Amino acid sequence: MSETPAGGRTPLDRTPQWAALGKHRAELGEQHLRELFAADPERGSRYTLQVGDLLVDYSKHLVTDRTLDLLRELAEATGVAGLREAMFRGEKINITEDRAVLHTALRAPRGAVVEVDGENVVPAVHAVLDRMAAFADRVRGGAWTGHTGKRIRTIVNIGIGGSDLGPAMAYEVLRPYTDRDLTVRFVSNVDGADLHEALHGLDAAETLFIVASKTFTTIETVTNAVSAKGWLLSQLGAGEDAVAKHFVALSTNARGVADFGIDVANMFEFWDWVGGRYSFDSAIGLSLMIAIGPENFRAMLDGFHLVDEHFRTAPAEENVPLLLGLLGVWYGAFFDAQSHAVLPYSHYLSKFTAYLQQLDMESNGKSVDREGRPVTYQTGPVVWGTPGTNGQHAYYQLLHQGTKVIPADFIGFARPVAELAPRLAEQHDLLMANFFAQTQALAFGKTAEEVAAEGVPAELVPHKTFRGNHPTTTILAGELTPSVLGQLVALYEHKVFVQGAIWNIDSFDQWGVELGKVLARRIEPVLLTGEGAEALDGSTAALVAAYRTLRDR
Ligand code: F6P
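Cut-offs applied
- Residues numbered from 1 in each chain as written.
- Predicted model: local features only at pLDDT ≥ 70, side-chain atom pairs only at ≥ 80, totals over all residues.
- Heavy atoms only, no water.
- UniProt positions renumbered as here; feature names shortened; annotations may be inferred.
- Core = buried A, V, L, I, M, F, W, Y, C linked by side-chain atoms within 4.5 Å.
- Buried < 20%, exposed > 50% of the residue type's maximum accessible area, 1.4 Å probe, protein only.
- Helix = DSSP H or I, 4+ residues; strand = E, 2+ residues; numbered from the N terminus.
- Contact = heavy atoms within 4.5 Å.
- Pairing = 2+ DSSP bridges.
- Axes fitted to C-alpha atoms, helices over the stretch in contact; angles between N-to-C directions.
- 1 Å grid on protein atoms, 1.4 Å probe; cavity = no way out; pocket = protein on both sides within 12 Å on 5 of 7 lines; lining within 4 Å.
- Points joined across faces, edges and corners; volume = space filled by probe spheres on them.
- Salt bridge = Lys/Arg side-chain N within 4 Å of Asp/Glu carboxyl O.
- Lys, Arg positive; Asp, Glu negative; His and termini not counted.
- Polar contact = N/O pair within 3.5 Å; in protein donor to acceptor, adjacent residues only side chain to side chain.
- Near = heavy atom within 4 Å.
- Areas by Shrake-Rupley, 256 points an atom, 1.4 Å probe, with all protein chains shown as cover.
- Nonpolar A, V, L, I, M, F, W, Y, C, P; charged D, E, K, R; others polar.
- Phe/Tyr/Trp six-rings, centres within 6.5 Å; stacked < 30°, edge-to-face > 60°.
- Lys NZ or Arg CZ within 6 Å of the ring centre and 35° of its normal.

Per an unreviewed UniProt entry, the protein chain carries the name Glucose-6-phosphate isomerase and comes from Kitasatospora camelliae. For the record of the protein chain, the UniProt heading Catalytic activity (unreviewed entry) holds the text "alpha-D-glucose 6-phosphate = beta-D-fructose 6-phosphate". Of the protein chain, the UniProt comment under Subcellular location (unreviewed entry) reads exactly: "Cytoplasm".

A.B. asks: In this structure, what is going on with the nonpolar core? I would like to understand it.
C.D. replies: As a rule of thumb, soluble globular proteins bury nonpolar side chains together. In terms of nonpolar packing, the biggest core is built from 125 residues, with Leu208, Trp273, Ile290 and Phe352 touching the most fellow members. For this core, the leading source of residues is helix H20 (residues 482-503), giving 13 residues. Excluding its chain neighbours within four sequence positions, the residues that come into contact with Trp273 are Ala100, Val101, Leu102, His103, Ala105, Leu106, Val116, Val121 and Val125.

A.B. asks: What am I meant to see in the sheet that holds strand E2 (residues 54-57) here?
C.D. replies: Backbone-to-backbone hydrogen bonds pair the strands of a sheet. The strands run either parallel or antiparallel. An order of E1-E2-E13-E12-E10-E11 is seen for the six strands of this open sheet, with the pairing classed as mixed. Since the sheet does not close on itself, it has two edges, and those belong to strand E1 (48-51) and strand E11 (382-384), each with one partner. In this sheet, neighbouring strand axes are inclined to one another by 20 degrees on average, regardless of whether the strands run parallel or antiparallel. Bridge count between E1 and E2: four bridges; the pairing is antiparallel. Counterpart to Leu49 in the pairing with E2 is Val56. The strands that helix H14 (residues 320-334) touches are E1, E2 and strand E13 (472-477); relative to E1, the one it contacts most, it runs at about 130 degrees. The strands touched by H20 are E1, E2, strand E10 (339-344), strand E12 (408-413) and E13; relative to E12, the strand with the most contacts, the crossing angle is about 165 degrees.

A.B. asks: What should I look at first to understand empty space enclosed by the protein in this one?
C.D. replies: Any empty space left between the atoms is revealed when a probe the size of a water molecule rolls over them. In this structure the tally under the stated criterion is six cavities of 30 Å³ or more. Approximately 100 Å³ is the volume found for the largest cavity. What lines the largest cavity is a set of 15 residues, among which Gly328, Gly332, Ala337, His340 and Pro381 lie closest to the centre. Quantified by volume, the second largest cavity comes out at close to 70 Å³. Every residue along the wall of the second largest cavity is listed here: His61, Leu324, Leu327, Gly328, Tyr331, His340, Pro407, Asp409, Thr473 and Lys495. With four residues, the top contributor of residues to the lining of the second largest cavity is H14.

A.B. asks: Would you mind showing me how to read the UniProt feature "active site" (unreviewed entry) in the protein chain here?
C.D. replies: Mapped onto this numbering, the UniProt entry annotates "active site" (unreviewed entry) at Glu362, His393 and Lys517. Taking the farthest pair of C-alpha atoms as the criterion, the annotated set spanning 156 residues is dispersed, since that pair is 37.4 Å apart. Checked against the lining of the largest pocket, the annotated residues just named reduce to Glu362 and Lys517. Assignment of secondary structure puts Glu362 in helix H15 (residues 352-364). If sequence neighbours within four positions are ignored, Glu362 has contacts with Arg277, Gln357, Asp509, Gln510 and Val513. If you trace the backbone, Lys517 turns up in helix H21 (residues 514-529). Judged by its relative accessible area of 40%, Lys517 is partly exposed.

A.B. asks: Whenever I open this one, the pattern of salt bridges confuses me. Can you help?
C.D. replies: Where charged atoms from two side chains of opposite charge come close, those side chains can pair. Within this structure, the stated rule accounts for 27 salt bridges. Glu27 is the salt-bridge partner of Lys23, the closest N and O atoms lying 3.4 Å from each other. Of the two residues, Lys23 and Glu27 are both situated in helix H1 (residues 16-28); the distance of four residues between them amounts to about one turn of the helix. The pair formed by Lys23 and Glu27 is uniform in burial state, with each residue classed as exposed. Residues Asp272 and Arg99 are paired through a salt bridge, measuring 3.8 Å at the closest nitrogen-oxygen approach. With Asp272 in the loop between strand E9 (267-269) and helix H12 (286-292) and Arg99 in the loop between helix H5 (80-89) and strand E3 (115-116), this residue pair connects regions lying 173 residues apart in the sequence. Residue Asp272 is classed as partly exposed on the basis of its relative accessible area of 41%. One salt-bridge network, in which partners are shared between bridges, spans Arg107, Asp281, Asp308 and Glu493.

A.B. asks: Sorry, what's going on with the side chain of Arg9 here?
C.D. replies: The topology assignment puts Arg9 in the segment before H1. Among buried charged residues, Arg9 stands out as having no salt bridge; its nearest opposite-charge side chain is Glu371, 6.4 Å away. Separated by 2.5 Å, the side chain of Arg9 and the backbone oxygen of Ile502 make a polar contact.

A.B. asks: I would appreciate a short explanation of the sheet that holds E9 in the present structure.
C.D. replies: The strand order E6-E5-E7-E8-E9 describes an open sheet built from five strands, whose pairing is parallel. Taken across any chain shown, the strands that pair with only one partner, and hence form the sheet edges, are strand E6 (183-187) and E9. On average, each strand axis in the sheet is tilted by 20 degrees relative to the strand beside it, whichever way the strands run. Here five bridges tie strand E5 (residues 154-158) to strand E7 (residues 207-212), and the two strands are oriented parallel to one another. Residue pairing in the sheet places Ile158 in a bridge with Val211 of E7. Of the strands in this sheet, E6 and E7 touch helix H8 (residues 192-199), which is tilted by about 170 degrees from E6. Across the sheet, helix H9 (residues 219-236) touches E5, E6, E7 and strand E8 (247-251), and the angle it forms with E7 is around 160 degrees.

A.B. asks: Got a minute to help me understand the site of the ligand in this structure?
C.D. replies: Lining the immediate surroundings of the ligand are 14 residues, of which Ser163, Ser213, Lys214, Thr215 and Thr218 lie closest. Against a free-state accessible area of 390 Å², the protein chains account for coverage of 88% of the ligand. Looking at the shell around the ligand, its residues break down into two nonpolar, nine polar and three charged.

A.B. asks: Please clarify how the packing of aromatic side chains should be interpreted in this entry.
C.D. replies: Each aromatic ring pair is specified by the distance between its two centres and by the angle formed by the two planes. The tally for this structure, following the rule as stated, stands at 29 aromatic pairs. Relative to Trp144, the ring of Phe135 has its centre 4.8 Å away and its plane inclined at 75 degrees; by these criteria the two rings are edge-to-face. Trp144 carries the same exposure label as Phe135, and that label is buried. Ring centres of Phe435 and Phe436 lie 5.1 Å apart, and the angle between their planes is 75 degrees; on these two criteria the pair is classed as edge-to-face. For Phe436, a relative accessible area of 40% translates into the label partly exposed. By the ring-pair criterion, three or more aromatic residues cluster together here, those being Tyr345, Trp384, Tyr395, Tyr396, Phe410, Phe435 and Phe436. In this structure, Arg43 is placed above the aromatic ring of Phe37, and the distance from its NZ or CZ to the ring centre is 5.4 Å. Across from the ring centre of Phe260, 4.7 Å away, lies the NZ or CZ of Lys229, which sits over that ring.

In C-alpha cells, the structure reads:
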C-alpha cells in the first residue's frame, strides 16, 4: 500500500492504478456489450462464478479481461486483503470507535478461535445461541407462557435500524419456514401509529415483546417499549411482575436493560464488536429464531459462514464479493453511476433491498477517509429497488431508456419454495422468463435498424429504440432456503467491506446519524412549550410556529 510523504495512504485517485483505470476507461469508450459478446462466444460462461449455492454471472458488465486485471491491481494496491485479514483476526479496524468488526465470529463454527483483546469470543457466541435456542424452543413448544398461563401466539419485536431491518427482512424471506401458528410483528417508528397498528387485535396474555437495541438508549425503541409496557399492564390489569413473562431484551447494555425494568436473566447479549447493521445473526435474530426454529437459524448461519470462508480464502479471480465490490467502484468512478439497483425476483425478498440500504449506505455513505481527509472520489451509491416483476411496470422505463447509468443486481431462483407447489409452481417459469428477459434487454437493447425493420414509422423509431449497454449482475440459486439467505447477506456484507477498503473509509461507524438526533432533542421541548424558538434558524423557527398553531387549533 503506497503512502504519502506526510503519512497516510495515497489518495485513491492519485494512485497509478487509478490513472491506469482512467486511461483504460477512455480507451473502452462506448464499446457495446453486443460487440463484447460477439467477440467472445464464451463470455457468458467465462464471466460466471459460483459461491456456495449462488451462481453469479457478471458477463453483462462493461468490462473486459483488462478491466478486471486493472481492478484487481487496484484492490491489491489499496490493501483490501490486508484489511480483510485484520477484520477476521479481530483487529480494531473500526478506527473512529476503536472497535473490532467481527460479525464473521457470529457464524463461526463451535470450536473455532477468534480473539478480541486476547480472548476467544466463539464460546460466548455459542453460549448465547444455545440460550436463544432453548428459549425459542420453549416459546414454540408452549412451555413458555405469559403471566396468565396462556401460551405465546404473537411476538412483537421493538427495535429500529439494525435492530429491526434484519429480522424483519429475514422473517419475510423465510415465511415458508416459519411456524404458522406464531406471528411476528415489527415495530420501529417512533410514530405511535406503528405500535398502534402492531398491537391491533392482539391478546396481551398471548403476546411477547422483544426489545432489541444494541445500546438500549435509542429513543424510538425505548419510547415504544415504554408504551408497549403500559399497554400490556393495562390490558392484563396486572402489576410490574407481569413484565418478566412478556418482555425480553436483546442488547449489549445490561445496565440499560435493568434500568428499563427487564430482568437481565431475560436478556440475550451481544457485543460491541457487532455493528447494528451486521447484527441479525446475533441475539438480534431472536424473533426470527422463534419463528423459524433453531435448526433453520443455524442453517442460515452456516450459509453466512460458507461465504465468509470463500471471501477469506478464494483467489482474487474467483472471489465473488471482491469482484462485486470492484465493479461498483468502477461504475462510481468512471461512469459517474450514482445509484445501484437490487432487484430480487422473489416476493419473499420484498424487504431485502431496504435491508441492504442500511447495510450499504450507513456503511459507505462517508466523505472523509480513514485519515480524516475529504475524499475526492465517489463513495457509496444510493441503493434502491423492489421485487420484480412489479418494478417492470413502474420504474424500469428509466432503466431501459433513461439517461442514467444504474448498475443492477438481478436475484432469482430456479425453483419456487416447496410450499407453492403444486398449485402455483407453474407461475415460476413466467416470473423467471421476465427475470432473464430484463437483463437481456438491458444489455443488448434493440437498435434503430431492428425497430425500422419491423415497419415502425420513422418518427417513432427513436422512441422504440433501446440503447442497451446497461450493466447487470445475475445471481441465480436453486431455492431460497435459510442457508441461501445467509449466503446472500454475507455476499453483500463483504462487497460493502471491499468498497470501503478501496475508498479508504471507515465502513463501520455511523457518525452521520448523530446530528439529527441531537437537534431533535433540542427541538422537542420547543414544540411542547414554544420557548427557545429564537435559538432556531429562521426556516425551522417558522415551521415550528406553524406546526404549533395547526396542532393547537
Ligand atoms: O442511529 C443509527 C443506529 O445507531 C444504527 O446504526 C443502529 O442499527 C440503530 O441506530 C439502532 O441502534 P440500537 O440497536 O442501539 O437501538
